[in-house]
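Here are the chains, one letter per residue:
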Amino acid sequence: MISTDYEGQYTENQILNQEILLWINQRILSLVIMYKEEGDDAGWDYEYLKICFPRIFIEDNGTEKCLQILNDICDILQDDYIRRELKLIYKYVLIKIIEHFQCLYDDARKCGEEELCNIYFPPLDEKLAKKIYEEFGYEFEKREEIESDDDETPPELLIRYGLEDIDGLFWDDVFDDKEIEFIDPFIEECIDKIEQGELVPWDLEYYIDLMSRPTKERYYKVRPLISKIHEEMKNNRANQILDTYVEKNTKKYLNKEELLKDVYLACKTLQVNRKSIKRGENNYNTYIRSLLRHKGYFVSDQTLRGESESKKQLGKIDFEIMKTPEIPFAIFEALNINGFSSSQKEYFINHLTKLLDNYNPMGVSVSFLVSYVKCPKNKFDECCDNYKELLEKSEVAEFIPIHICEHQQTERLLYCLECGYLCGKSTFTVYNIFVHINE
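Note that the structure is a prediction, hence the values are computed from the model and not measured. (Residues numbered from 1 in each chain as written. Predicted model: local features only at pLDDT ≥ 70, side-chain atom pairs only at ≥ 80, totals over all residues. Heavy atoms only, no water.)

Trainee: Looking at this model, I keep getting lost on the overall build of the protein. Mind explaining?
Mentor: Of regular secondary structure, the protein possesses 15 helices and eight strands. For the protein, buried positions account for 47% of its 439 residues. Relative to all contacts within the protein whose residues are 6 or more apart in sequence, the contacts with residues 24 or more apart total 61%. Of the roughly 23500 Å² of accessible surface on the protein, 47% is carried by carbon and sulfur atoms. (Helix = DSSP H or I, 4+ residues; strand = E, 2+ residues; numbered from the N terminus. Buried < 20%, exposed > 50% of the residue type's maximum accessible area, 1.4 Å probe, protein only. Contact = heavy atoms within 4.5 Å. Areas by Shrake-Rupley, 256 points an atom, 1.4 Å probe, with all protein chains shown as cover.)

Trainee: Looking at this model, I keep getting lost on the state of the cysteines. Mind explaining?
Mentor: Should the sulfur atoms of two cysteines be covalently bonded, the bond is a disulfide. Summed over the entire model, instances satisfying the criterion amount to zero disulfides. Looking at the unpaired Cys66, the closest cysteine sulfur is the one in Cys52, lying at 7.5 Å. Taking the relative accessible area as the measure of exposure, Cys66 reaches 0% and is therefore buried. Free of any disulfide, Cys416 has its nearest cysteine sulfur in Cys405, 8.2 Å distant. Using a relative accessible area of 2% as the deciding quantity, one classes Cys416 as buried. (Disulfide = S-S within 2.5 Å.)

Trainee: Just to check I follow, could you spell out the nonpolar core for this structure?
Mentor: Most often, soluble globular proteins keep nonpolar side chains buried together rather than apart. Grouped together as the largest cluster of nonpolar side chains are 61 residues, with contacts concentrated most on Val32, Tyr35, Phe53, Val93 and Ile97. Looking at this core, the elements that each hand over two or more residues are helix H1 (14-42), helix H2 (46-49), helix H3 (55-78), helix H4 (88-110), helix H5 (114-120), helix H6 (126-135), helix H9 (177-195) and helix H10 (213-234). (Core = buried A, V, L, I, M, F, W, Y, C linked by side-chain atoms within 4.5 Å.)

Trainee: Can you help me understand the confidence of the model for the protein in this one?
Mentor: Predicted coordinates in areas of low pLDDT are best not read in detail. Averaged over all residues, the pLDDT of the protein equals 80, while 81% of them reach at least 70. Helix H11 (residues 237-244) is the least confidently modelled element of the protein, averaging 45 in pLDDT, while strand S5 (residues 366-373) averages 94, the highest of any element. Across residues 171-175 the pLDDT falls below 50, and counting only partners more than four positions away or on other chains, this stretch makes 20 contacts in the model. Within the model, the stretch residues 237-251 combines pLDDT values under 50 with 26 contacts to residues more than four positions away or in other chains. (pLDDT = per-residue confidence, 0-100.)

Trainee: What should I look at first to understand the side chain of Lys256 in this one?
Mentor: With respect to the helices, strands and loops of the structure, Lys256 is situated in helix H12 (residues 256-272). For the buried Lys256, no salt bridge exists, and the shortest N-O distance to an oppositely charged side chain is 4.8 Å, to Glu257. Contacts of Lys256, omitting those with residues within four sequence positions, involve Phe329, Val366, Thr429 and Tyr431. (Lys, Arg positive; Asp, Glu negative; His and termini not counted. Salt bridge = Lys/Arg side-chain N within 4 Å of Asp/Glu carboxyl O.)

Trainee: Even after reading the chapter, I still don't get the packing of H1 against H4, so can you show me in this structure?
Mentor: Two quantities define a packed helix pair, namely the angle between the axes and the distance from one axis to the other. Where H1 meets H4, the closest approach of the two axes is 10 Å, and the angle between their N-to-C directions is 80 degrees. Looking at the two axes, H1 sits roughly perpendicular to H4. Side by side, H1 and H4 meet where Ile28, Leu31, Val32, Met34, Tyr35 and Glu38 of the first sit next to Leu94, Ile97, Ile98, His100 and Phe101 of the second. Taken together, the residues that form the contact of H1 with H4 break down as nine nonpolar, one polar and one charged. (Axes fitted to C-alpha atoms, helices over the stretch in contact; angles between N-to-C directions. Parallel < 35°, antiparallel > 145°, perpendicular 65-115°, else oblique. Nonpolar A, V, L, I, M, F, W, Y, C, P; charged D, E, K, R; others polar.)

Trainee: Sorry if this is basic, but what is going on with a negative patch on the surface here?
Mentor: A cluster of like negative charges, contributed by Glu37, Glu38, Asp40 and Asp41, occupies part of the molecular surface. With respect to the secondary-structure elements, Glu37 resides in helix H1. (Patch = residues over 30% accessible without salt bridge, like charges linked within 9 Å, V, L, I, M, F, W, Y side chains within 5 Å. Charge placed at Lys NZ, Arg CZ, Asp CG, Glu CD.)

Trainee: Help me out: how do you make sense of the packing of H12 against helix H13 (residues 281-294) in this one?
Mentor: Where H12 meets H13, the axes come as close as 9 Å, and the angle between the chain directions of the two elements is 130 degrees. On the basis of their axis angle, the class for H12 and H13 is oblique. Crossing of H12 against H13: the hand is right-handed. Touching Asp262, Val263, Ala266, Cys267, Thr269 and Leu270 of H12 are Tyr284, Tyr287, Ile288, Leu291 and Leu292, all from H13. By residue class, the composition of the contact of H12 with H13 is nine nonpolar, one polar and one charged. (Left-handed = near helix turned anticlockwise from the far one by under 90°.)

Trainee: Honestly, the sheet that holds strand S4 (residues 328-337) in this entry has me stumped. Any pointers?
Mentor: Strand pairing within a sheet occurs via backbone hydrogen bonds; the two strands may be parallel or antiparallel. The six strands lie next to each other as S3-S4-S5-S8-S7-S6, forming an open sheet whose pairing is mixed. Because the sheet does not close on itself, it has two edges, and the strands there are strand S3 (319-322) and strand S6 (400-406). Averaged over all pairs of adjacent strands, the angle between strand axes in this sheet comes to 20 degrees, irrespective of strand direction. One ladder, built from eight bridges, connects S5 with strand S8 (residues 426-436); its direction is parallel. Pairing of Phe368 across the sheet is with Tyr431, part of S8. Sheet contacts for H12: S3, S4, S5, strand S7 (414-423) and S8; angle to S8, the most-contacted strand, approximately 20 degrees. Docked against the sheet, helix H15 (residues 380-393) engages S4, S5, S6, S7 and S8, running at close to 5 degrees with respect to S7. (Pairing = 2+ DSSP bridges.)

Trainee: Help me understand the pattern of salt bridges in this model?
Mentor: Counted according to the given criterion, the structure contains 16 salt bridges. Arg213 is the partner of Asp60 in a salt bridge, and the nearest nitrogen-oxygen pair spans 2.5 Å. Placement of the pair is Asp60 in helix H3 and Arg213 in helix H10, with a sequence separation of 153 residues. Judged by its relative accessible area of 36%, Arg213 falls in the partly exposed class. If you follow the salt bridges from partner to partner, you end up with Arg55, Glu59, Asp60, Arg213 and Lys216 in one network.

Trainee: Just to check I follow, could you spell out the pairing of S5 for this structure?
Mentor: Regular strands place their side chains on alternate faces of the sheet. The buried count for S5 comes to eight of eight residues, which makes it a mostly enclosed element. Residue alternation in S5 divides its side chains into two sets, Val366, Phe368, Val370 and Tyr372 and Ser367, Leu369, Ser371 and Val373, and both sets are buried. Pairing geometry for S4 and S5, over eight bridges, is parallel. In the strand pairing of S5, Asn336 is matched with Tyr372. Viewed along the sheet, the connection from S4 through helix H14 (residues 342-358) into S5 turns out right-handed. (Right-handed = clockwise from strand over helix to strand, strands pointing away.)

Shown next, in the form of structure tokens:
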């Protein structure tokens, strides 16, 4: 399935939201199947393909590739897994197919062809409509036409209006033909910057299917430079000092991937032994700090560094993993999470901001933000997904997000999310680790 609304919330009822999403996907699937069947009858000529594929894409890839994309879309719509991200060409094709049948629907409605209207866009299932009404506190009565006055809009109509809003079906990039014309100038400008050694905060691969031939050829030439620039950013002067030089007082070789494994293992050990540890964030932090010291890391105690949120006093960091007694390699900060309310979201983002900005005047490139999550076990995955979406949408001071990825999960109640940020010409990595703590 595909996610078709920005927040993933049609109502407050998650089970009902799933039913609504399933109905939307089945409706879209029926349109794609109709388009495919008509294409089979028409022999997939060029003019028919142009209904939902860009001209340049058809010319460069041919009918076989177009049919493969249509089959992929059908598989996605029928899958139980909900995809919040799709390739841009998939989004474009879906929007164009829906627009095509909306035009046929409007023509049929004007001509009074009710039977055709219901083929293109069938009415909302009566059982589902009744559930939606009940969720909003209305009584459902079956009517041929749903009408509304100026003061009140029936819930079913709210849902139907939302589904008929093309831009609302996919909540980020939705391109019409004019916007496609904008892609080439945008990519060309990015390529100019890449050729000058600058890092652009966009994944240009996302747009490749909609680039013109000359722009695509130019992009292929500079694509190796992007990886090179990324490597140079990682290996800036500060990182070279921190990642390659081993202080004689430090028994452990400092490498952020190995450190991540050891911090993750410490969190797992904390989780297993939490009943024998005195409750509280400070006690949990002390336990993790002791485990890292036992592993051979040079770990500071709670440190005053940078400035507090009020900027009137020094900030207090939970602890640092040190390169030398003076130079930190990574910052560790922890917080308690009890859910995903507005106050909890704000609390989390404030900690992230302090970790990257207020508490980090030296520009330490590696940070760990560990969240001790107190919630029912069956709500842990949902809580982590909510914070992942929050990170995807949030800007942090002057730090531009450049990537976000999940680390492979080996334990069900531990979750690690790596976020990369760009500030000036420096890159920063924050490992967000969520640890289920049921006290």
